[in-house]
Each structure stands twice: as structure tokens, then as C-alpha cells.
Amino acid sequence: MTEFAIELRDVTRVHGSGETEVSALAGVSIGVRPGQLVAVMGPSGSGKSTLLQLAGGLDMPTGGSVHVEGVSLGEQNRAGLAALRRRSVGYVFQDLNLIPALTAAENVALPRELDGVKVKRAREEALTALREVGVADLADRFPDEMSGGQQQRVAIARALVGPRRVLLADEPTGALDSYTGEAVLKVIRARCDAGAAGLLVTHEARHAAWADQIVFLSDGKIVDETGVAPAADSLLEGAS
Amino acid sequence: MSIKYGLLALLEREPMYGYQLRSEFERSTGATWPLNIGQVYTTLSRLHRDGLVEETGESDEQGKVVYRLTDPGRTDLARWFTTPVTQDDRPRDELAIKVALAVTTPGVDARAVVQAQRTATVRHLQELTRLKAGAAEEDIAWLLVLDSMIFRAESEVRWLDHSETRLARMPRPPVRPAAAAAETTTQEVPR
């Protein structure tokens, strides 16, 4: 078995203290290997988004530890954390994903340029990433010249540009109609099949069903999980 | 599922014999509803009796009888396509009844029933999604059938999510003394 690309070990996140103490996550463990997509489902306030923020180092746990590509986030200083986030982790949100003043290619190249990669090289990487999500032809368009589904594909390209192999997605299909939403999920699935590790937060079972494993969160705890699904071949045999 | 209209619809394409009808039916619906050849011939003879299909008079090299649609058959089929399916001839929903009874039966943890069902339904949803991921884009009939099953499973999950929240907000139901010691998931469901 390969190592986890994203791992939460017995993670707890408590906000406030004493009387006003609220436990957003209470002892959650999740691991995502390269090539895997794990979906987290749960009602509002179940701790889904907190979990994703912790996985991306945007928030720190009050207990337990978070590891990204073998690095413990809690042991990093501020600069180290920022570098790790930029180098390893890509995000896709429901909206507000792209910078309106930049073209698709510029949006995708931006994190690489921030990482010190030369402009020409960053653009090449951006074009590769755009091609991988099937929107190479949109490279020079601005976000407002694209449909919602196209923008989300560009956001996925940006999340996985260059060496980044960890994709964190928070309701990435939220504002899209069901057909377009499904196309976005297919792209995420395909990128994971190509080796990325994906952690997807969604309240839609239909979208979670693209994942290898589905975890149900309620009141900050895992109440249920499907386990890792068997390989597609064995399913097809069962269905024929 | 009405085999009758399935066969009429296939015969609207072209005249066919029994085995051909069975394989075409399964191909069109992605083998979701396997038919046995006995069902096909029983239905064909009833359709023939009612004047909705007729024998073409030809037979293939093995001597199998070829059927075609009659005008009354065509009218009947057109009516079927334009009439919405009604809810009342679907079977009773065992799951809704089970959950409703779980709430009112002493010693049963309704939330555990809901969660166990949700895990099972989501797993089914994953299987359907994998079939869909593996299906060819041009196989539209099969994709439509899969989508239908996916949306139905999803709607069940949504209802279960909703029920879980409703149950979480409900005051704890009276627990039978014998079962009171057992914690949620380890409780046995009485038969």
C-alpha cells in the first residue's frame, strides 16, 4: 500500500473554551492515498468544511495531527506551511475560484509563478494542466467569458498545476446544474485516476458516489463510512 | 415494468421474433431488467390474441415466427408514451414503513436503522456511478436508465439525511428496560 498523501490522525478542533466551547471535529481520522478520491458528506454544521480547512493547513487542529505528503503540518513554521500549501495543495471552491482580471492560463500559472517558476515555464505547465482537464482551447479567455462548468475545470487545472498532487474540493458543483456538475466530478475523478489524491466535501450523494470511499460526518464525528470500494472490474462482473 | 409495451416499442422499429425481442429489450435497457424467453412468448401470444401484433407470415431459417405491430398496437403504444406513469401502481415503500416502525417500536434505534440503510444505498450509488463511468458516451439508452437509478438512489439518501436530522431533534424515545443498557449501534432489531 502506498503512503497517504493526505492524512488526518485523530483530529480534534475545538472553538472557544469553557462555557462557550464548541467542538467542530471530535477525533476524526481519514487517509487519502494517491489515486484515491475520498468524499465527506454530512449536514450543515457537521464539521465538513472545518475538516477540509485543516487538511489544507488553513486552520490548525486543537488535537491530533494533519499530514500532507508525509509532512506534519503542525511542525511547520508559517513560511514552511505557506510553501507547502502552495507547492502541494490545490483548492476548488463552490465559487470565487478565479481572478477575474487574469486569463485562464494566467490564473493557472499564478501559483507556479508565486513559487518562483519562470513565466514561460509556468505558462507551459498551465497549458498542460488545462489540456488535462479538457479546456486547452480556453487558455486565453477571461473568467467572465466562460461558463460556470468551464471555470470550475480551470480551477481544477490550477489546483493540480505543476507538481501539485493534492486536491481539496469544497462543494465544487454547488452553483452548477446537475449535468455540468457531473462533468466537473468526472474531471476530478479522472485527475485522481491519473494519480492525484482528492478530498471532496459535498452534501450531494450523487457526486460523492464518484469517490472510492465516502465518509459521513455528524456533529464532528464519523458516523459511518462505505469503506474503500472494490476495483471497477469486480463490480462489472457482478453486474453482468 | 411493462413487458407488453417494451415489446410493442421494439416492434415499432422493425418486425422481430421472440429471441430477438428478448435480446433487443435487454440491450435497450442495459440488462437492467432481464427477461426470460418464456415471459416474451407468453406476452407475445397475449398481444397476438388482443390484435396488437400479428405474424408476418415469414419465418427465419430456424422456422421462428416473426411478429409485427398492427395499427391498434401502434395506437396503444402511442398512448402509453404520452401517458405519465402514475404513482399508485408502484409497490409499497418497505423502507419508509421500516423507518416509521423503527421509531415506534420499543428498543429499536431508528437512527441506526437510517444510517445502516444510507451506507447501503450510497454503496449502491457508487456501483451505479462506476457503471456509468465505464459506459460509452453513445450508449444513450443505457446512460438514461443508469441516471434514473442514480437519481432514485440519491433521493433515498436525501430522505435518509433528512430523517436523520429529524430524529436527532426528536426527544429520545422510550427505551425498553432490557435494551436500555445497549448503546446505539449494538442494539438488536427485534423481528
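Residues numbered from 1 in each chain as written. Chains lettered and ligands numbered in written order. Predicted model: local features only at pLDDT ≥ 70, side-chain atom pairs only at ≥ 80, totals over all residues.

Side note on the overall build of chain A
Broken down by element type, chain A carries eight helices and ten strands. Its C-alpha radius of gyration of 18 Å places chain A within 12% of the 18 Å reference for a compact globule of 240 residues. Structurally, chain A occupies a C-alpha span of about 55 × 50 × 35 Å along its principal axes. Expressed as a percentage of its 240 residues, the buried residues of chain A come to 45%. When contacts within chain A are restricted to residue pairs at least 6 apart in sequence, those whose partners lie at least 24 apart make up 68%. (Helix = DSSP H or I, 4+ residues; strand = E, 2+ residues; numbered from the N terminus. Rg over C-alpha atoms; globule rule 2.2 N^0.38 Å. Buried ≥ 20, exposed ≤ 12 C-beta atoms within 10 Å, placed from the backbone. Contact = placed C-beta atoms within 7 Å.)

Some words on the interface of chain A and chain B
Note on interface size: it is often stated as the accessible area lost on association of the parts. Residue-level contacts link 16 residues of chain A with 18 residues of chain B. Only helix H7 (205-208), strand S10 (221-225) and helix H8 (232-239) of chain A provide two or more residues apiece to the side of chain A that touches chain B. With four residues, the top contributor of residues to the side of chain A that touches chain B is H8 of chain A.

Regarding the domain arrangement of chain B
Domain parsing of chain B yields domain 1 (3-82) and domain 2 (94-175). Domain 1 of chain B and domain 2 of chain B are separated by 35 Å when their C-alpha centres are compared. (Domains from an automatic or database assignment.)

Thoughts on the sheet that holds strand S6 (residues 89-92) of chain A
Residues and elements named next belong to chain A. Strand order in the open sheet formed by six strands is S6-S7-S8-S3-S9-S10, with mixed pairing between adjacent strands. Two strands bound the open sheet, and with one partner strand each, they are S6 and S10. Neighbour-to-neighbour, the strand axes of this sheet turn through a mean angle of 20°, independent of strand direction. Here five bridges tie strand S7 (residues 166-170) to strand S8 (residues 197-201), and the two strands are oriented parallel to one another. Looking at S8, one finds that Asp 170 is bridged to Val 201. In the packing of helix H5 (residues 148-159) onto the sheet, contacts are made with S6 and S7, and the angle to S6 comes to roughly 165°. (Pairing = 2+ DSSP bridges. Axes fitted to C-alpha atoms, helices over the stretch in contact; angles between N-to-C directions.)

Description of the packing of helix H3 (residues 104-114) of chain A against helix H4 (residues 119-132) of chain A
Residue and element names in this part refer to chain A. Between H3 and H4, whose axes approach to 8 Å, the crossing angle comes to 120°. The orientation of H3 with respect to H4, classified from their angle, is oblique. With respect to the hand of their crossing, H3 and H4 are arranged in right-handed fashion. Contact with H3, carried on its side by Ala 104, Ala 105, Val 108, Ala 109, Arg 112 and Glu 113, involves Val 119, Ala 122, Arg 123, Glu 125, Ala 126, Leu 127, Ala 129 and Leu 130 of H4 and no other residues of that element. (Parallel < 35°, antiparallel > 145°, perpendicular 65-115°, else oblique. Left-handed = near helix turned anticlockwise from the far one by under 90°.)

Points about the environment of Val 89 of chain A
Residue and element names in this part refer to chain A. Tracing the backbone through its elements, the reader meets Val 89 in strand S6. Note: C-alpha distance between Val 89 and Pro 172 (83 residues apart in sequence) is 16 Å. Once residues lying within four places of it in the same chain are set aside, the contact partners of Val 89 are Gly 56, Val 68, Arg 164, Val 166 and Leu 168.

Observations concerning H5 of chain A
All names here are of chain A. With twelve residues, H5 should cover 16 Å at 1.5 Å per step; its first-to-last C-alpha distance of 16 Å lies within 8% of that length. Buried residues dominate H5, accounting for ten of its twelve residues. In the core, the buried residues of H5 are packed alongside S6, H3, H4, S7 and helix H6 (178-193). (Expected span 1.5 Å × (residues − 1).)

Looking at the environment of Thr 29 of chain B
Residues and elements named next belong to chain B. Along the polypeptide, Thr 29 turns up in the loop between helix H2 (18-28) and helix H3 (37-49). When the 17 C-beta atoms within 10 Å are taken as the criterion, Thr 29 is described as partly exposed. In this structure, the C-alpha to C-alpha distance between Thr 29 and Leu 144, residues 115 residues apart in sequence, is 8.8 Å. Those residues in contact with Thr 29 that sit more than four places away from it in its chain are Ala 141 and Val 145.

Let's talk about H6 of chain A
All names here are of chain A. Look at H6: 22 Å from first C-alpha to last across 16 residues, which is about the 22 Å you get at 1.5 Å a residue. Within H6, the full set of buried residues consists of Gly 181, Glu 182, Val 184, Leu 185, Val 187, Ile 188, Arg 191 and Cys 192. At its buried positions, H6 is contacted by strand S3 (37-41), H4, H5, S7, S8 and H7. Taken from the residues just after H6, Gly 195 is the one with a positive phi, measuring 125°.

Observations regarding the sheet that holds strand S1 (residues 6-15) of chain A
Note on sheets: strands pair through backbone hydrogen bonds, and any given pair is parallel or antiparallel. All names here are of chain A. Taken in spatial order, the four strands of this open sheet run S2-S1-S4-S5, and their pairing is antiparallel. Strand pairing shows two members of the sheet lacking a second neighbour, strand S2 (22-32) and strand S5 (71-72), which therefore form its edges. As judged from the five bridges shared by S1 and strand S4 (residues 63-68), these two strands associate in the antiparallel manner. The residue bridging Leu 8 from the neighbouring strand is Val 66, located in S4. Of the strands in this sheet, S1, S2 and S4 are in contact with helix H1 (residues 48-55), which crosses S1 at around 120°.

Structural notes on unusual backbone geometry
Residues and elements named next belong to chain A. One non-glycine residue, Glu 69, lies in the positive phi region at around 45°. Structurally, Glu 69 can be placed in the loop between S4 and S5. With 19 C-beta atoms counted inside 10 Å, the residue Glu 69 sits in the partly exposed group. Here the phi dihedral of Glu 171 falls at roughly 45°; this positive angle occurs in a residue that is not glycine. Considering the arrangement of structural elements, one finds Glu 171 in the loop between S7 and H6.

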